[in-house]
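# Results of the structural survey
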Amino acid sequence: MFSWIEILNPRVKARLGHIKYALIDFDGTISVIRQGWEDVMIPLMIEMICDGQLPTKEIEREVREYVDYSTGILTIKQMQWLADAVRRYGIAKNPKSPYEYKRIYNQRLLVRVEERLGKLRRGELNPDDLMIKGARRFLEELRRHKIRMYLASGTDHEYVLKEAEALVIKEYFTGGIYGALDRTEAHTKERIIQRILDENNLRGDNLLVVGDGPVEIRNAKSRDAIALGVATNEVKREGLNPRKRERLINAGADLIVPDFTRSRELVDFLLKPGDQKV
């Protein structure tokens, strides 16, 4: 491991220098507005499965493993898994639809989200206080090098637009901003990656995928794109989160960084690898 970037796939160095487009995950990669969402989703899932009964270790383990594995996927997909798990265990007397579970989840999570956005509106926080450190400079550096950027999230489209606007970052994403749409999979990261490659007649090494979750990393690798994992401690907004690092490694990340505090060097490394020593 180098001091600022971990090269997990040695062959990736020969593929760098050709990036023209970038798909960037939102929550946990750029934004920390939804930091702690797992602390809402995991208890909710256990509560819905157990319906007032004490959870078994098996249930707790299965829920935690699923949430960890599914980080970055559409929220409705996670709620579909929950609905299946509720039926499978057969404890709950009145199972709900995935859409009802999602409504309850959003209702609980939005309490935290609105508290943070309220501080932003009142001037108690600046937009960069709700972003991974160095993230804005990273976006500026990519834009300076004329990289066309797309923003993607498993969070509902309306919330992604609202939160990206609050952080004043919409202008960077000339390729578009894509949040989840319940009734279609058109905005899944897998579909967006394929569309970017197909519509622009790109090779895999022309596309950089940046994210903190295994979903976008797995999707990137399945299309031969370059996968940059961001394993940040979201509470501190900088520094390495070992658990994130482990799941990004398992997902097949080519490279891992702890944050964007060395954004200029990172972008130079990705776009001009021959000039860099790490």
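This text gives an overview of the structure that appears in the document.

### Notes on the pairing of strand 2 (residues 21-25)
Consecutive side chains along a regular strand alternate between the two faces of the sheet. With five of five residues buried, strand 2 is to be regarded as a mostly interior element. Across the two faces of strand 2 the burial is the same, with Tyr21, Leu23 and Asp25 and Ala22 and Ile24 all buried. Across five bridges, the pairing between strand 2 and strand 3 (residues 148-156) is parallel. Across the sheet, the residue bridging to Ile24 is Leu151, located in strand 3. The pairing of strand 2 with strand 5 (residues 207-211) spans four bridges and is classified as parallel. Among the inter-strand pairings, Leu23 is bridged to a residue of strand 5, identified as Val209.

### A look at the side chain of Glu141
Counting through the fold element by element, Glu141 comes out in helix 5 (residues 135-144). One polar contact links Glu141 to Arg264, side chain to side chain, over a distance of 3.2 Å. Those residues in contact with Glu141, other than ones at most four positions away along the chain, are Arg264 and Val267.

### Comments concerning the packing of aromatic side chains
Throughout the structure, instances matching the rule amount to four aromatic pairs. Between the aromatic rings of Phe138 and Phe260, the centroid separation amounts to 4.5 Å while the plane-to-plane angle is 20 degrees, which identifies the pairing as stacked. A residue pair is termed long-range when its members are at least 10 positions apart, and Phe138 in helix 5 and Phe260 in the loop between strand 7 (255-257) and helix 10 (263-271) qualify at 122 residues. We note that Phe138, like Phe260, is buried. One Lys or Arg, Arg195, reaches over the ring of Tyr178 and ends 5.6 Å from the middle of that ring. Over the ring of Tyr69 we find Arg218, and its NZ or CZ is 4.0 Å from the ring centre.

### Digging into helix 10
Think of an α-helix as 3.6 residues a turn; residues three or four steps apart then line up on the same face. Counting buried residues in helix 10 gives seven out of nine residues, a clear majority hidden from the surface. Within helix 10 the residues assigned to the buried category are Ser263, Leu266, Val267, Asp268, Phe269, Leu270 and Leu271. Tucked into the core, helix 10 has its buried residues touching strand 1 (6-7), helix 5, strand 5, strand 6 (226-230) and strand 7.

About the thresholds
- Residues numbered from 1 in each chain as written.
- Predicted model: local features only at pLDDT ≥ 70, side-chain atom pairs only at ≥ 80, totals over all residues.
- Heavy atoms only, no water.
- Buried < 20%, exposed > 50% of the residue type's maximum accessible area, 1.4 Å probe, protein only.
- Helix = DSSP H or I, 4+ residues; strand = E, 2+ residues; numbered from the N terminus.
- Pairing = 2+ DSSP bridges.
- Polar contact = N/O pair within 3.5 Å; in protein donor to acceptor, adjacent residues only side chain to side chain.
- Contact = heavy atoms within 4.5 Å.
- Phe/Tyr/Trp six-rings, centres within 6.5 Å; stacked < 30°, edge-to-face > 60°.
- Lys NZ or Arg CZ within 6 Å of the ring centre and 35° of its normal.

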